[in-house]
Amino acid sequence: MAENHSEQVSTYLPLHVIEIILLNLPAKSLLRFKAVSKSWNTMISDPVFVRNHLHQSKASNSQNLFLCDFTFNYNSGKFCLVKIDEDRTLRSLDVLKSPRGFNMRVLCYCDGVLLFTSDDETPSGVEFVLWNPSTRTQTIFRLPFELNTDDKCYGLCNWYGLCHDPIIGDFKVVVICSNHYAVYSCKNKAWTMKKEFGDTFGVAYHPGVFVDGVVYWLKMEKDERRYKLTYFDPKDDEFKMANDEHGIFKVQRPTYNMIDFGGRLCVYSYKQGDKVVHIWIKEKGVDNNSWKELITVENVERFASYFVPMCFVENKIVVRLRGTTVVLYNSSEKTFEEFEDTTHYFDFLSVPYVESLISPNTFFRPKRKRNCLQ
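Residues numbered from 1 in each chain as written. Predicted model: local features only at pLDDT ≥ 70, side-chain atom pairs only at ≥ 80, totals over all residues. Heavy atoms only, no water.

(A) Quick peek at the overall build of the protein chain. From N to C terminus, the protein chain includes five helices and 25 strands. Long-range pairs, those at least 24 residues apart, make up 48% of the contacts in the protein chain with a sequence separation of at least 6. Just so you have it, the protein chain exposes about 19,000 Å², and 48% of that area is on carbon and sulfur atoms. (Helix = DSSP H or I, 4+ residues; strand = E, 2+ residues; numbered from the N terminus. Contact = heavy atoms within 4.5 Å. Areas by Shrake-Rupley, 256 points an atom, 1.4 Å probe, with all protein chains shown as cover.)

(B) Representation of the packing of aromatic side chains in the model. Under the defined criterion, the tally for this structure stands at 16 aromatic pairs. For the ring pair Phe33 and Trp40, a centre distance of 6.1 Å and an interplane angle of 75 degrees mean the geometry is edge-to-face. Phe33 gets classed as partly exposed once you look at its relative accessible area, which sits at 25%. Plain terms: the ring middles of Phe261 and Phe312 are 5.3 Å apart, the flat faces sit at 70 degrees to each other, and that makes the pair edge-to-face. With Phe261 in strand S17 (residues 255-261) and Phe312 in strand S21 (residues 308-313), this residue pair connects regions lying 51 residues apart in the sequence. (Phe/Tyr/Trp six-rings, centres within 6.5 Å; stacked < 30°, edge-to-face > 60°. Buried < 20%, exposed > 50% of the residue type's maximum accessible area, 1.4 Å probe, protein only.)

(C) Up close: the nonpolar core. Counting 44 residues, the largest nonpolar core has Leu115, Leu130 and Phe232 as the members making the most contacts within it. For this core, the element with the highest residue contribution is strand S9 (residues 170-177), accounting for five residues. Filtering out sequence-adjacent residues up to four positions away, Leu115 remains in contact with Arg105, Val106, Leu107, Cys108, Phe128, Val129, Leu130, Phe141, Tyr160 and Val173. Core analysis: the next-biggest nonpolar cluster, separate from the first, contains 17 residues, Ile259, Phe261, Tyr270 and Ile295 among them. (Core = buried A, V, L, I, M, F, W, Y, C linked by side-chain atoms within 4.5 Å.)

Written as structure tokens, this is what we have:
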């Protein structure tokens, strides 16, 4: 009887309705559901479905998920998947093993994929891995010694960026070192020739931030008093300058940091000794240089230099302060509310977790003309 009922549901439930339901499921479940039938496998494997699932993940509450270094209670090499709830509690959802043999320090991330490096140098260069914690897929590659000629700027002294082309599935890793940079294409499994900058490329915030299909950095001017918003364009592998029409980066002697905040480029700034942090957010689109001040956080009792906005919970903003302290900031009352106990979850290392079916070693060409979610 149950089998007949199942056959009736699968017969009369249109595939597009099934697809809508599947788009709301986690990657782990979708990987299992590939075995349900050939049509389900085809649907879930389709590049348009993969992109729509990523879009759905970014738009949902999954933005309140974070991967944290959970070395307090577990052996080194494991992450804890933590969800931030509305009642100021943290829930541990899972414990994930990081790629074996690689440093747990996340160099950068985008679209649910993280970049790590190895602790040891090999005879052929420095080893890196791109890892998707949702699917446990990874790809390993090396930075050859000949692409890095500056002994003073080697290994972890470099600055890194990661970008993803959702159309063909290619990931590009950008490594900046002093006055040159190199680009690795996962699809081509090759590095480009290093390219020279006109002068030393100093950045105010080390990890590149992937938003608008490009990787943003804040480039310090020579006098280290002013900054320019710079981005790497994966279409031509070139660095370009964004216009600062609002003069956000013209203030002298501030400290800037950047994050991806809900799919938008977010810049927060403060001056040494101040208890005020200004948070700006950029409009979507690499050619749209409009900014608006999202919020001004006052009464930051601890050092503002440890201030990191994480996500919104209702109309309050979740902020990580020094060390393991995580608080909710109420902008209307200008007060902070501390979480119950974050010691066992948040160290200095915590990165957003995005459910994603994207594999760093799978590339494709769309076979069907379908629309992606907007």
